[in-house]
Structure formats: structure tokens, C-alpha cells
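# Breakdown of the fold
Here are the chains, one letter per residue:
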Amino acid sequence: MAFKRSLLIPLAVFVAGLGVLLGTALFILQPQQQQSASRVPIGGPFRLTSHEGKPFTDADLKGKPFAVFFGFTHCPEVCPTTLYDLTQDLEALGSDADRLRVAFITVDPEQDTPDLMKTYLSSFDPRIVGLTGTPEEIAAVAKAYKIYYRKVPTDSGYTMDHSATVFLMDGRGDFYGTSNFQESAEIRRGKLRQLIKNG
Ligand code: NI
């Protein structure tokens, strides 16, 4: 039938056009959905110095999921408790612990030199990396993670007030969740296992 043959080309053009239109619509819609649904603006690029005295950036943490928290070596309670807990957690995770990185960033860069952090961290799991930097570098990374810290004068000098949140970040460096020192070991380890599983 002649009329079918003559309709074939316009039909093909129509179908192709529809495909392009649909593809464009999906292309426009998808990135917007991802942005609003999963991206929490916590974390980001930083440039610091490790407790080994070497340059250390966010790129050195990415590739594996990581736990990061802020504190200082003279902290009387929360920081040593958190470091102790994480040390126990890493042991409890067994071989899975090697699929995770842990970083401790000082909020007291004036006192916490790489050497002091190295000595301090020798009491904890050797996989925990200590990070320090200039006051400006520390201010920048604290801002990226939206943490609070403040120097508070005391009779003998000063102490640091600071947020105690442990940030759980995925292998791309995107925010995954949080933990804190008040949680039970069971809950913390459950979160760490989930984080490792998620990548
Ligand atoms: Ni502390």
C-alpha cells in the first residue's frame, strides 16, 4: 500500500524527535534531583599537614570512606574518649577497618604541632592520622565542616571549646552521616560498618 510507505519517513522523524525531546528532559531533570536529594554541603577540599609533618589534603582521605573529627591534644575528656573509642572500633572491625580512614583535625594549631600530635596519637590506633595547619588553614577546614570552636581563657592559660561530632564521609568525600562520643559502641560500629559497605 502506497500511503504506508509515504508515512514511514515522517513517522521515523517523529519518533526520533520524541526520543531527543525525552532525552533532553531527563538530562535537565536528573542533576537537579540528585542535588536536592543527596548532597549535604558538609566537607570539601582542604590543605593541611599530617602528624608526620607532610602535606595532607582531602585527596589523601578520598578513595575510601572516612571518619573525621575535630579536637585538640590538651582536651581533658571528649577528644581522648573519642580517640579511644575509635581505636576500639577499628580493632572490632577487623580487616574491614582497612577499608576506612580516620582523621583527627586540631582546632588548636598554635599548640598542636605535627610533633606533639604524633606523640599524642601514639597512644591510639596508628591508622588514625592527625592533622594540623596554620590558623587560617584550620579555620577554612572547620568552616567546610561547619564546626564550632573557640578559645576560652582559664586560670592556667586557655582551653578550646569545640563541636564533638564525628563526621562519616563516603569515598567521594560526600557527607554520609555523623556519630558522637555519647553513642554506644554497638551503634557506632553499626554506622561504621554501613559506611564501609556503602563505600
Ligand atoms: Ni576535645
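Since we're looking at a predicted model, the values are computed, not measured.

Reading the values: the criteria
Residues numbered from 1 in each chain as written. Predicted model: local features only at pLDDT ≥ 70, side-chain atom pairs only at ≥ 80, totals over all residues. Heavy atoms only, no water. Axes fitted to C-alpha atoms, helices over the stretch in contact; angles between N-to-C directions. Helix = DSSP H or I, 4+ residues; strand = E, 2+ residues; numbered from the N terminus. Parallel < 35°, antiparallel > 145°, perpendicular 65-115°, else oblique. Left-handed = near helix turned anticlockwise from the far one by under 90°. Contact = heavy atoms within 4.5 Å. Nonpolar A, V, L, I, M, F, W, Y, C, P; charged D, E, K, R; others polar. Phe/Tyr/Trp six-rings, centres within 6.5 Å; stacked < 30°, edge-to-face > 60°. Buried < 20%, exposed > 50% of the residue type's maximum accessible area, 1.4 Å probe, protein only. Lys NZ or Arg CZ within 6 Å of the ring centre and 35° of its normal. Expected span 1.5 Å × (residues − 1).

Here the focus is the packing of helix α2 (residues 78-93) against helix α5 (residues 185-198). Two numbers describe how α2 lies on α5: the axes approach to 10 Å, and their chain directions differ by 60°. Comparing the axis directions of α2 and α5 gives the class oblique. The element α2 and its partner α5 pack so that their crossing is right-handed. Between α2, through Asp85, Gln88, Asp89, Ala92 and Leu93, and α5, the contact on the second element is made entirely by Arg188, Arg189, Leu192, Arg193 and Ile196. A breakdown of the residues in the contact of α2 with α5 according to their chemical character gives four nonpolar, one polar and five charged.

A separate point is the packing of aromatic side chains. Summed over the entire model, instances satisfying the criterion amount to five aromatic pairs. With a centroid separation of 6.3 Å and 35° between ring planes, the pair formed by Phe104 and Tyr120 is classed as tilted. Taken together, the residues span a long stretch of sequence, with Phe104 in strand β4 (residues 101-106) and Tyr120 in helix α3 (residues 114-121) at a distance of 16 residues. The same class applies to Phe104 and to Tyr120, which are both buried. A connected cluster of aromatic rings, assembled from ring pairs, spans Phe69, Phe104, Tyr120 and Phe124. Note that Lys151 overlies the ring of Tyr158, its terminal NZ or CZ placed 4.4 Å from the centroid.

In this section: α2. With 16 residues, α2 extends 22 Å between its outermost C-alpha atoms, agreeing within 8% with the 22 Å of an ideal straight helix rising 1.5 Å per residue. Gly94 sits one or two residues past α2 and shows a positive phi near 60°.

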